[in-house]
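# Fold and geometry: a report
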Amino acid sequence: MTASCVASATQQIREAQRADGPASVLAIGTANPAICVRQDEYADYYFRLANAEHLTKLKSKLNRICQSSGIEKRYFHHTEEMLGGHPELTDRKLPSLDTRMRILATAVPELAAAAAGKAIAEWGRPATDITHLVVSTSSGAHVPGADLRVASLLGLAPTVRRAMLYLSACNGGSTALRLAKDMAENNRGARVLVACAELTLVWLRAPDGDADSDTIIMQALFGDGAGAVIVGADPELVQGVERPIFEMLGAWETVIPESEHVATGRLGEDGVVFRPSVELPSLVRANIERCVADALAPLGLSGGDWKDLFWAVHPGGRAILDGVEAELRLGPEKLAASRHVLTEYGNMSGPTVVFVLDEIRRRHDEHAEGRHGLGVMLGIGPGITVETMVLRATGGKFTTK
Ligand SMILES: CC(C)(COP(=O)(O)OP(=O)(O)OC[C@H]1O[C@@H](n2cnc3c(N)ncnc32)[C@H](O)[C@@H]1OP(=O)(O)O)[C@@H](O)C(=O)NCCC(=O)NCCSC(=O)/C=C/c1ccc(O)cc1
């Protein structure tokens, strides 16, 4: 065989392995634990379970932050009874990693599988048709990983090709979706299940004195949840069953320069300790236009065209959404889906962006506007990392949960 024959055969093999069209979101599912705490009652609830009622100054600060957070309620896996039985979870003097990991080992995959089960039901094909699985969580670190337990709970095929992302934090969902797009486009016929789940039990703790703003900022903003998405290319292969919701046209990742110190954390014997800096919203604001412009330029979309796009921005906090909205000069309706998710659930870290996509498709369905339009998904997490994905709403199957 000549060198040119080999090259041509190689080319044919590569082409046969790859999908023809772009990857699409084919189904979305979400889930939350049962315990719901209203944000206007959260300071009372938290200081009671943390045995910290004596820190009155800090409690009124948490109350103030809760009031301005744009959040109305959040869901939690942990209960007051569970915390009563495990004083180590709130008492800073006691090691708590083993207890946290033991609870998370089952609760995280179960919540992820609850969301994934809804996505599979909407998708309409058997769970055994899933070829790839990407699971993301910052709530735990187990061997084998949460991905294996999710696969088992859902009855996925033993040949499913798995990838586990631990501690990707707030951009865990958008990173998993970027990987799913690459997997679907590079493996003809692939159907990738993305499942993300987070439980705040991983960092629940009592404040360390009346000046401990770092602890209460985390307690003020985050909630528990799971989001799942099925991604695949060439949906016409199974006409009538699969209908795309969003085409995934391009994905980029940018690290904001000199921002490594702004969102740092560690996993230790007291669980995850994470400290977002007060600078985070302003740094995101100062850099977001360039990140978006770099992603949209190859599609011929300049700043002036952005008002026609739909926006799925990770609601990391109210100040982050305010900064993105102002800097990109977006009208108030553009971030309505992100603000709605923040109001109803808080920041659920990685899964949150899946809830925002779900909310956008619901709004498109109700108002029949922008159903075929282009949009941008923005994941924002430690790094500071900005994940940008350009989407096209296809007007496919828009269902309610
Ligand atoms: C709603 C906020 C919290 C409050 O807004 P505000 O009430 O209008 O006013 P301020 O911004 O002035 O803040 C009120 C008070 O809170 C304080 N504060 C304000 N951010 C802070 C602050 N990061 N620190 C510690 N004090 C503060 C601020 O200094 C001030 O204190 P004081 O002057 O004494 O009243 C707003 O600032 C806001 O949305 N901030 C952005 C929140 C934020 O950084 N979100 C990203 C979360 S971190 C993340 O993405 C990582 C996730 C993760 C996931 C999984 C993992 O395992 C690990 C990580």
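Predicted, not measured: the structure shown is a model, and the values here were computed from it.

What follows is about the site of the ligand. Lys-61, Ser-68, Cys-170, Pro-276 and Ala-319 are the nearest of the 27 residues found near the ligand. Within the side chain of Arg-64, a nitrogen or oxygen atom sits 3.0 Å from an oxygen atom of the ligand. In the environment of the ligand, an oxygen atom lies 2.5 Å from a nitrogen or oxygen atom belonging to the side chain of Ser-68. Look at the ligand: alone it shows 1100 Å² of surface, and the protein chains cover 77% of it. Secondary-structure elements contributing two or more residues to the shell around the ligand are helix H3 (56-68), helix H8 (213-221), strand E10 (271-276), helix H9 (280-296) and helix H10 (318-327). Of the domains in this structure, domain 1 (23-237) and domain 2 (246-393) are the two that each give at least three residues to the shell around the ligand.

Per the UniProt entry, the sites bearing "active site" (unreviewed entry) are Cys-170 in this numbering. Tracing the backbone shows Cys-170 in the loop between strand E5 (161-166) and helix H7 (172-186). Using a relative accessible area of 13% as the deciding quantity, one classes Cys-170 as buried. If we skip the residues at most four places from it in the chain, Cys-170 touches Phe-222, His-314, Asn-347, Ser-349, Gly-350, Ile-380, Gly-381 and Pro-382.

Per the counting criterion, the structure on display carries 31 salt bridges. We note a salt bridge from Glu-41 to Arg-38, for which the minimum N-O separation is 3.9 Å. Put simply, Asp-212 and Arg-92 hold a salt bridge, and the shortest N to O gap is 3.2 Å. Here Asp-212, found in the loop between strand E6 (191-198) and H8, pairs with Arg-92, found in the loop between helix H4 (80-85) and helix H5 (97-123); they are 120 residues apart in sequence, far enough to count as distant. A single network of salt bridges, built from pairs that share partners, joins Glu-122, Asp-358, Glu-359, Arg-361, Arg-362 and Arg-363.

All right, on to the side chain of Ser-96 then. Relative to the assigned elements, Ser-96 resides in the loop between H4 and H5. Classification of Ser-96 as buried rests on a relative accessible area of 2%. Ignoring any residue separated from it by four or fewer positions in sequence, one finds Ser-96 in contact with Glu-88, Leu-89, Glu-269, Asp-270 and Gly-271.

Let's shift gears to the environment of Pro-109. With respect to the helices, strands and loops of the structure, Pro-109 is situated in helix H5. Assessed through its relative accessible area of 1%, Pro-109 is described here as buried. Sequence-distant contacts of Pro-109, that is, excluding residues within four places in its chain, are made with Leu-104, Ala-146, Arg-149, Val-150 and Leu-153.

An order of E5-E4-E6-E7-E1-E8-E13-E12-E11 is seen for the nine strands of this open sheet, with the pairing classed as mixed. Of all the strands in the sheet, the pair left with one neighbour each is E5 and strand E11 (310-313). Strand-to-strand twist across the sheet, computed as the mean angle between neighbouring axes with direction ignored, equals 25°. Both E6 and strand E7 (residues 225-233) contribute to a ladder of eight bridges, which runs antiparallel.

Cut-off values and rules
- Position numbers for residues start from 1 in each chain and track the written sequence from start to end.
- Residues qualify for local features only when their pLDDT is at least 70, as the model is predicted, and side-chain atom pairs are given and counted only at 80 or more; totals for whole chains, interfaces and linings, by contrast, use all residues.
- As a convention, hydrogens and water are excluded, and side-chain values are obtained from all of the structure's heavy atoms.
- Think of it this way: one heavy atom of a residue within 4 Å of a molecule or strand is enough to make that residue near it.
- Throughout this description, a polar contact denotes any pair of N or O atoms lying within 3.5 Å of each other; where both atoms belong to protein, one of them has to be capable of donating a hydrogen while the other can accept it, and for residues adjacent in sequence the pair is counted only when both atoms sit in side chains.
- The accessible surface values rely on the Shrake-Rupley method and a 1.4 Å probe; as for residues, cover is taken only from the protein chains in view.
- Numbering goes from the N terminus for both helices and strands, where a helix is a DSSP run of H or I of at least four residues and a strand is a run of E of at least two.
- Note that domain bounds follow an automatic or database assignment of domains.
- UniProt positions are given in the numbering used here, feature names are shortened, and annotations may be inferred rather than shown by experiment.
- Only protein chains enter the accessibility calculation, which uses a 1.4 Å probe; a residue is then buried when its area is under 20% of its type maximum, exposed when over 50%, and partly exposed in between.
- Contacts are assigned to residue pairs with any non-hydrogen atoms lying within 4.5 Å of each other.
- By definition here, a salt bridge exists when the distance from a side-chain nitrogen of Lys or Arg to a carboxyl oxygen of Asp or Glu is within 4 Å.
- Should DSSP find at least two bridges between two strands, the strands are taken to pair.
- Axis lines are fitted through C-alpha atoms, for helices just across the contact stretch, and the angle between N-to-C directions can take any value from 0 to 180 degrees.

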